[in-house]
Amino acid sequence: MRNRIAPLLESALIKAHAAQELTTYPLPAIIIGHPDNPEHGDFSCNIAMQLAKGERKAPRQIAEIIIKYLDDDNGLIAKSDIAGPGFINLFVSRSAWQETLLKIESERDRYGHTISGAGKKVQVEFVSANPTGPLHIGHGRGAAIGDTLCRVLDAAGWDVTREFYYNDAGVQISNLALSVQLRCMGIEPDDPRWPEGGYQGEYIKDVAKAYLARETVEATDQHTTACGDPENIEDIRHFAVAWLRREQDLDLEAFDVKFDVYTLESALYSEGRVEAVVQKLIANGHAYEQDNALWLRSTAFGDDKDRVMRKADGSYTYFVPDVAYHQDKWERGFTRVINEQGSDHHSTVTRVRVGLQALDIGIPQGWPEYVLHQMVTVMRGGEEVKISKRAGSYVTLRDLIDEVGRDATRFFFLMRKPDAQLVFDIDLAKQQTNENPVYYVQYAHARICSIFDNAAEKGFIAPEKPALADLACLSTPDDLQMIKLLTELPDTVDDCAVHFEPHRLTYYLSELASCFHSFYNKNRVISEDKALTEARLYLLKRTAQTLKNALSILGISAPERM
RNA sequence: GCGCUUGUAGCUCAGCUGGAUAGAGCAACGGACUACGAAUCCGUAGGUCGGGCGUUCGAAUCGCUCCAGGCGCACCA
């Protein structure tokens, strides 16, 4: 609805300008707000106040001019007021509201989807956990936010590619292989021979056991059969990576998160991309040798210090393949790339961008974009669960899904905006009570479904494609409030996509569920009045559809019974 | 010390990118099921939007500054 109101005001401004009653040029963008107070109308606009200074006229006077040129051919506007210092308040007609229900019916599962993205390509990289252990709760938040962001962007009309990048080489993986090898030999973390950076988790023992048993592992991008020789560190490395890759696959599958593309760091090396980046940076004159290392003069691009590219031992720092990887993304034609990461990695943002600038291949300065989520703390039994990755003790994503369920886990991760810290209260998430917002929302859906069952027994069904006149009885403030809220889903989806903030949808859902529960307690749906009963069943059908669609964008189910 | 981020009701958090009287949930108190699911609803109470200064018609929102929490600041990723 917001998108239908704005053009009306826009054309009024243009007409007023053409008639020389307004002189400001260029005209500022129209911002439509929805007032908190219903007396202030369905929508309000502050344009008159913004123009006041340039026009040298009182805002209320300007508002009058704009309203004079307001052409409402479709009968959208029932009333327009000038209020307060100069707000233009617009009241949408009842029939225009009622008509929106027909739109929801015709769009069905697509309702809430928009065309804002115009089918343009966007790539979202998220999770990107290294295969050195199971996914923990922090990865879970990244998975929930990243995946939902993809669903939101898809709903907003973008062509989304989901990508997972992982490091299957390098120091961390060597530590992994070594840890498994030691476990194969029966050496435990408390043994003096256990190395500093070794992975101590119990899962390493499982990997070792599987390796010695010569198991076969099938995972995304990884297929291998162990030779079982504890001396063969190369084979152990392959096997361990594949084994943990499979663990992560299973976790993600349980979380209903899928990826289109997996990129391996090792491939960037084997395809010569890493070397090519170094050569290009040298050729561009941005590199220098010092202390047996090769440095990038990143300070020339706004970094606070220069960065090592090639270490004294001849290997590259992680940041070089990162740049090579993003160059690859760029060359694949993604003019829009979003990286979802934990905020503990935020120092990479500058470095990757700086490296790409130094390549001088026409990549814009703010590319790629980043969504950084803050840390998660876990509460259980009223106490914080301490996490020690080093000792291998932490809450895994799998634990959470098993314990509180996929729907609740996703919803809890999505309730907060990414850049706020999140407290995950496991006891609360498990509760099947009114304190738990997931159940509150899902219950609204289930409750509506049960009304339909009840209505069917009494011989009532929601009409298909009713005439607008049949909906005219949906005219109480409660009916209209429901309808108005239903119309906000597409705007909310767009807002989520623009701001990278999926949490707006969780709040929308809570509000919609609340509106319905309240409506239900106050109004009879099934009554003697056949016309009203059918109209309300029709309204609830659209409400259930809207709840279901919004939940679906969050990757959460809409149960018909609970 | 530098960078990013957060600070709103007793607690957990919204506040739609500057608008009209700052909102929810939980906790507290008081109410509503012999008709559609009480996993629900209605009401009461609860605030110096961390402090200060500034920008303007107008600030929780923007700027500066101070205070406090979190995360970074490697020839780890």
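Owing to the predicted nature of the structure, the values given are computational and were not obtained by experimental measurement.

Colleague: Which residues make up the nonpolar core, and what are the values?
Modeller: Counting residues in hydrophobic clusters, the biggest one holds 146 residues, and the most contacted among them are Ile66 and Phe413. No other element matches helix α20 (residues 530–553), which puts 10 residues into this core. What Phe413 contacts, discounting residues up to four positions off in sequence, is Ile137, Gly140, Arg141, Ala144, Phe255, Val376, Leu397, Leu400, Leu422 and Phe424. One finds Leu294, Leu296, Ala358 and Leu359 within the second-largest nonpolar core, a separate group that totals 27 residues.

Colleague: I'd like a rundown of the sheet that holds strand β14 (residues 369–373), residues and numbers included.
Modeller: One open sheet accounts for 5 strands, arranged β9-β6-β5-β13-β14; its pairing is parallel. Each edge of the open sheet carries a strand with a single partner, namely β9 (261–264) and β14. Here the strands of the sheet are splayed against their neighbours by 25° on average, with no regard to which way each runs. One ladder, built from 5 bridges, connects strand β13 (residues 337–342) with β14; its direction is parallel. Pairing of Gly342 across the sheet is with His373, part of β14.

Colleague: Account for the packing of aromatic side chains, with residues named and values stated.
Modeller: For the structure shown, the criterion picks out 15 aromatic pairs. Geometrically, the ring pair formed by Phe43 and Trp97 is stacked, given 6.3 Å between the ring centres and 25° between the ring planes. Taken as a pair, Phe43 in strand β2 (residues 43–45) and Trp97 in helix α4 (residues 94–107) lie far apart in primary sequence, 54 residues in all. Since its relative accessible area comes to 5%, Phe43 is described here as buried. Grouping aromatic residues by their ring pairs yields a cluster made of Phe126, Phe164, Tyr166, Phe259 and Tyr262. Its end group placed over the ring of Phe334, Lys121 keeps NZ or CZ at 4.5 Å from the ring centre.

Colleague: Quick rundown of the pairing of strand β3 (residues 77–83)? Include the residues and the values.
Modeller: Alignment of β3 against strand β4 (residues 87–92), held across 6 bridges, turns out to be antiparallel. Bridge assignment links Ile82 to a residue of β4, and that residue is Ile88.

Colleague: So what about the pattern of salt bridges? Which residues, and what values?
Modeller: Pairing between side chains of opposite charge can happen when their charged atoms approach one another. By the definition in use, this model includes 40 salt bridges. Here Asp147 ties to Arg151 by a salt bridge, and the two come within 2.7 Å at their closest N and O atoms. Placement of both Asp147 and Arg151 in helix α5 (residues 137–155) is noted, with a separation of 4 residues, approximately one turn of the helix. Relative accessible area serves as the criterion here: at 19%, Arg151 is assigned to the buried category. In this structure, Asp147 engages Arg162 in a salt bridge whose closest nitrogen and oxygen atoms are separated by 2.6 Å.

Colleague: For the confidence of the model for chain A, give the residues involved together with the corresponding values.
Modeller: Low pLDDT marks stretches whose predicted atomic positions should not be read closely. The pLDDT averaged across chain A works out to 91; a share of 98% of its residues lies at or above 70. The spread of mean pLDDT over the elements of chain A runs between strand β16 (residues 383–384), the lowest at 78, and strand β5 (residues 121–125), the highest at 97.

Colleague: A description of the sheet that holds strand β11 (residues 293–296) should follow, citing residues and the corresponding values.
Modeller: The strand order β10-β11-β12 describes an open sheet built from 3 strands, whose pairing is antiparallel. Pairing within the sheet leaves two strands with one partner each, and these edge strands are β10 (287–290) and β12 (307–310). Across this sheet, the average inter-strand angle for adjacent strands is 45°, counted without regard to direction.

Colleague: Give me the environment of Phe239: which residues, what numbers.
Modeller: Note that Phe239 resides in helix α8 (residues 233–254). In this structure, the C-alpha to C-alpha distance between Phe239 and Ala472, residues 233 residues apart in sequence, is 67 Å. When residues no more than four places from it in sequence are discounted, the contact partners of Phe239 are Val207, Ala210, Tyr211, Glu215, Val217, Thr224 and Ala226.

Colleague: Which residues make up the packing of helix α2 (residues 47–55) against helix α3 (residues 59–68), and what are the values?
Modeller: Axis separation between α2 and α3 bottoms out at 8 Å; the angle between their running directions is 115°. With respect to each other, α2 and α3 are oriented roughly perpendicular. For α2 against α3, the interelement crossing comes out right-handed. Contacts between α2 and α3 involve Ile47, Ala48, Met49, Leu51, Ala52 and Glu55 from the former and Pro59, Ile62, Ala63 and Ile66 from the latter. Classifying every residue of the contact of α2 with α3 by side-chain character gives 9 nonpolar, no polar and 1 charged.

Colleague: Can you explain the state of the cysteines? Please cite residues and give values.
Modeller: The final tally for this structure, using the stated rule, is 0 disulfides. Cysteine Cys496 is unpaired, with the sulfur of Cys150 as its nearest cysteine sulfur at 14 Å. A relative accessible area of 0% means that Cys496 is categorised as buried. Cysteine Cys515 shares no disulfide, and the gap to the nearest cysteine sulfur, in Cys473, comes to 17 Å.

Colleague: How would you explain the packing of α5 against helix α14 (residues 406–414) if you had to name every residue and give the values?
Modeller: Look at α5 against α14: their axes get within 9 Å of each other, and the N-to-C directions meet at 85°. Classed by the angle they form, the pair α5 and α14 counts as roughly perpendicular. The residues of α14 that touch α5, namely those facing Ile137, Gly140, Arg141, Ala144, Ile145, Asp147, Thr148 and Arg151, are Arg410, Phe413 and Leu414.

Colleague: Go over helix α10 (residues 273–283), please, and point to the residues and values.
Modeller: The set of residues buried in α10 consists of Val274, Val277, Val278 and Leu281. Down the axis, α10 shows its buried residues gathered within 95° of arc, on one side only. In this structure, the buried side of α10 is in contact with α9 (265–270), β10, β11, β12, α11 (319–331) and α12 (347–359). Phi turns positive one or two residues past the end of α10, at Gly285, with a value near 80°.

Colleague: Lay out the environment of Arg273 with the relevant residues and their values.
Modeller: Inspection of the secondary structure puts Arg273 in helix α10. The partly exposed category is assigned to Arg273, whose relative accessible area is 22%. Along the sequence, Arg273 and Pro321 sit 48 residues apart, while their C-alpha atoms lie 7.8 Å from each other. When neighbours within four sequence positions are excluded, Arg273 is seen to be in contact with Leu268, Ala324, Asp328 and Glu331.

Colleague: Account for unusual backbone geometry, with residues named and values stated.
Modeller: Here the bond from Trp367 into Pro368 is cis, since omega is -5°, no more than 30 degrees from zero. Tracing the chain through its elements places Pro368 in the loop between α12 and β14. The backbone phi angle of Arg108 is positive, close to 50°, even though this residue is not glycine. Looking at the secondary structure, you find Arg108 in the loop between α4 and β5. Positive phi, close to 55°, is recorded for Ala118, a residue that is not glycine. One can find Ala118 in the loop between α4 and β5.

Rules used in this analysis
Residues numbered from 1 in each chain as written. Chains lettered and ligands numbered in written order. Predicted model: local features only at pLDDT ≥ 70, side-chain atom pairs only at ≥ 80, totals over all residues. Heavy atoms only, no water. Core = buried A, V, L, I, M, F, W, Y, C linked by side-chain atoms within 4.5 Å. Buried < 20%, exposed > 50% of the residue type's maximum accessible area, 1.4 Å probe, protein only. Helix = DSSP H or I, 4+ residues; strand = E, 2+ residues; numbered from the N terminus. Contact = heavy atoms within 4.5 Å. Pairing = 2+ DSSP bridges. Axes fitted to C-alpha atoms, helices over the stretch in contact; angles between N-to-C directions. Phe/Tyr/Trp six-rings, centres within 6.5 Å; stacked < 30°, edge-to-face > 60°. Lys NZ or Arg CZ within 6 Å of the ring centre and 35° of its normal. Salt bridge = Lys/Arg side-chain N within 4 Å of Asp/Glu carboxyl O. pLDDT = per-residue confidence, 0-100. Parallel < 35°, antiparallel > 145°, perpendicular 65-115°, else oblique. Left-handed = near helix turned anticlockwise from the far one by under 90°. Nonpolar A, V, L, I, M, F, W, Y, C, P; charged D, E, K, R; others polar. Disulfide = S-S within 2.5 Å. Arc of directions from axis to C-beta.

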